[in-house]
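So you can see what is in the structure, the chains are spelled out below.
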Amino acid sequence: MNLTVADEKKTHHMKAFETVQLYFDRAADQLDLDSSMRKLLKMPKREVTVEVPVEMDNGSIETLVGFRVQHNNSRGPMKGGLRYHWDVDLDEVRALASLMTWKTAVVNIPYGGAKGGICVDPRNLSRKETERISRKFVDQIHEIIGPDKDIPAPDMGTNGETMSWIRNQWEKYHGFNPACITGKPVEDYGAAGREEATGRGCGILAFKLLKRLGRRPKDISVAIQGFGNVGSHAAKYMHESEFKIVAISDISGGYYNKDGLNIPAALSYVIKHGSLEGFVGAESISNSELLSLDCDVLVPSAIGGVITMENVDDIKAKYIIEGANGPVHAYADEVLFDRGTLVLPDILANAGGVTVSYFEWVQNRQYYSWDLNRVRAQLDSILSSAFEDVWTMGNEKNVSLRTAAFMIAIQRVRRATELQGI
Ligand code: NAD
């Protein structure tokens, strides 16, 4: 059987790291980056796989696998989240670590990129088991993380409490230094505004993009997939900015109202019930129906890989704001670009979180706290500059916003590498 290029693209299941490499290469081609510099910038600096043995509450012993990939540190200490999820493997962590290098460079904060994860289903763990796993993981990797080396933060399956355990365990080896980790609870050296920052950033950037295009939020309908940290804060900010949010979803399914959903009610519902399951005042739809709704803006903010060659032809939104990491498959991304759908890429769209993590690290190092207004104003300022850089590059070179964002990031990392020498 002879497969056409289009057929091959439909059947080829590209892995996460391969996807990031393809995005990198598209931008590197535009920059005429030579092959030796490409190899140097693509390859992770260090990859660590560790055994995480843990005693469960019933006395049995589980042996888990944990990863930390440190991709690049030419612009500063490496930075990246820690994910507890059943799909975690070395390829995914490697992809997410490299995305962090490009993300911190796009928003121009003085960090490199890293990521970590443990392959485990956090829903099956008690709080005490999660704590023991987190502490054991730190026992295995404490030498390679720290405020000047590599600073972890929360990601899927981890939260502020996890960060407090990790900090406490790291400090047992290295002494007091809350800047060793970010995303901590506000009452434990965390930063005001960190929790809302990623979703708020998605909203800020959606607002800027549409303003550029002369569109007013109240004429814009929005569908948001995922109602966790990122999706719920994106919904809150966009609702407050007068966008019409017609659909939201979580793992329990989607909720749709063509006249606009009552977002404050949905936020309170989730606080009370733990998920959107049973939320009224909306029609039930599936997550795949949500993705193909006839709306202006789609914000995929749940998991990666949700827009593929199989469903890209059904996507009707004109603008996609990537709240999640890697929600669009690389080939589907080409189709969207050719069709004129504007995709605001993850390395810019969800960079609000790492930006406020940076503010948290700065505050910890100065033993001084900023108030929420200062955090929000600085976040707005950093994201605005990054948006202008990416928008200008995209227009000047006639490339997608993703390629433009990668081009800016690669130039900054390359320059830092050249200045310091190999
Ligand atoms: P979260 O665990 O708080 O929320 C995830 C949400 O997605 C939940 O509502 C969950 O029910 C829903 N969900 C899970 N699986 C789903 C599925 N198969 N279909 C539909 N919905 C599903 O996670 P989060 O922190 O909001 O992260 C979401 C995404 O954003 C991830 O890709 C993460 O890497 C990325 N991200 C998060 C941050 C951050 O600061 N939290 C920063 C940058 C990027």
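So, here is what we can say about the structure in this document. In this text the structure is predicted, and so the values were computed from the model without any measurement.

Remarks on the overall build of the protein chain
When its secondary structure is counted, the protein chain shows 15 helices and 12 strands. Relative to the globule expectation of 22 Å for 422 residues, the C-alpha radius of gyration of the protein chain, 21 Å, shows essentially globular dimensions. Across its three principal axes, the protein chain shows a C-alpha extent of roughly 55 × 55 × 55 Å. Here the protein chain holds 422 residues, and the buried ones make up 59% of them. Accessible surface computed for the protein chain: about 17900 Å², of which carbon and sulfur atoms make up 48%. A gap of 5 Å separates the mean positions of the 49 positive and 55 negative side-chain charges of the protein chain.

Let's talk about a nonpolar patch on the surface
Taken together, the side chains of Phe176, Tyr189 and Tyr367 present a nonpolar region at the surface, about 360 Å² in accessible area. Mapped onto the elements of the fold, tyrosine 367 is located in the loop between helix 13 (352-366) and helix 14 (372-397). Note on tyrosine 367: relative accessible area 60%, which makes it exposed.

Brief notes about the pairing of strand 6 (residues 221-225)
Most of strand 6 is tucked away: 5 of the 5 residues are buried. The two faces of strand 6 match: Ser221, Ala223 and Gln225 on one face and Val222 and Ile224 on the other face are all buried. Direction of pairing for strand 6 relative to strand 7 (residues 244-250): parallel, over a ladder of 5 bridges. Note that in strand 7 the partner of valine 222 across the bridge is isoleucine 245. Sheet topology note: the strand 6/strand 10 (residues 297-300) ladder contains 4 bridges and is parallel. When the sheet's bridge partners are listed, isoleucine 224 is paired in strand 10 with valine 299.

Points about the nonpolar core
In terms of nonpolar packing, the biggest core is built from 109 residues, with Trp102, Ile248 and Ile307 touching the most fellow members. The contacts of tryptophan 102, once residues within four sequence positions are left out, are Val20, Phe24, Leu41, His71, Ile347, Phe406, Ala409, Ile410 and Val413. Formed by 22 residues, the second largest nonpolar core is a distinct cluster that contains Val52, Val138, Ile141 and Ile144.

Here's the deal with the site of the ligand
In the vicinity of the ligand, 21 residues are found, and the nearest of them are Arg83, Thr198, Asn229, Val230 and Asn325. Asparagine 325 has a polar side-chain atom sitting 2.9 Å from an oxygen atom of the ligand. Alone, the ligand offers 820 Å² of accessible surface; in the complex the protein occludes 80% of this. Elements that contribute at least two residues to the shell around the ligand include exactly helix 7 (194-212) and helix 8 (229-240). Residue composition of the shell around the ligand, grouped by class: 7 nonpolar, 10 polar and 4 charged. Of the residues that make up the shell around the ligand, three or more belong to each of domain 1 (44-188) and domain 2 (197-349).

What counts as what
- Residues numbered from 1 in each chain as written.
- Predicted model: local features only at pLDDT ≥ 70, side-chain atom pairs only at ≥ 80, totals over all residues.
- Heavy atoms only, no water.
- Helix = DSSP H or I, 4+ residues; strand = E, 2+ residues; numbered from the N terminus.
- Rg over C-alpha atoms; globule rule 2.2 N^0.38 Å.
- Buried < 20%, exposed > 50% of the residue type's maximum accessible area, 1.4 Å probe, protein only.
- Areas by Shrake-Rupley, 256 points an atom, 1.4 Å probe, with all protein chains shown as cover.
- Lys, Arg positive; Asp, Glu negative; His and termini not counted.
- Charge placed at Lys NZ, Arg CZ, Asp CG, Glu CD.
- Patch = residues over 30% accessible without salt bridge, like charges linked within 9 Å, V, L, I, M, F, W, Y side chains within 5 Å.
- Salt bridge = Lys/Arg side-chain N within 4 Å of Asp/Glu carboxyl O.
- Pairing = 2+ DSSP bridges.
- Core = buried A, V, L, I, M, F, W, Y, C linked by side-chain atoms within 4.5 Å.
- Contact = heavy atoms within 4.5 Å.
- Near = heavy atom within 4 Å.
- Polar contact = N/O pair within 3.5 Å; in protein donor to acceptor, adjacent residues only side chain to side chain.
- Nonpolar A, V, L, I, M, F, W, Y, C, P; charged D, E, K, R; others polar.
- Domains from an automatic or database assignment.

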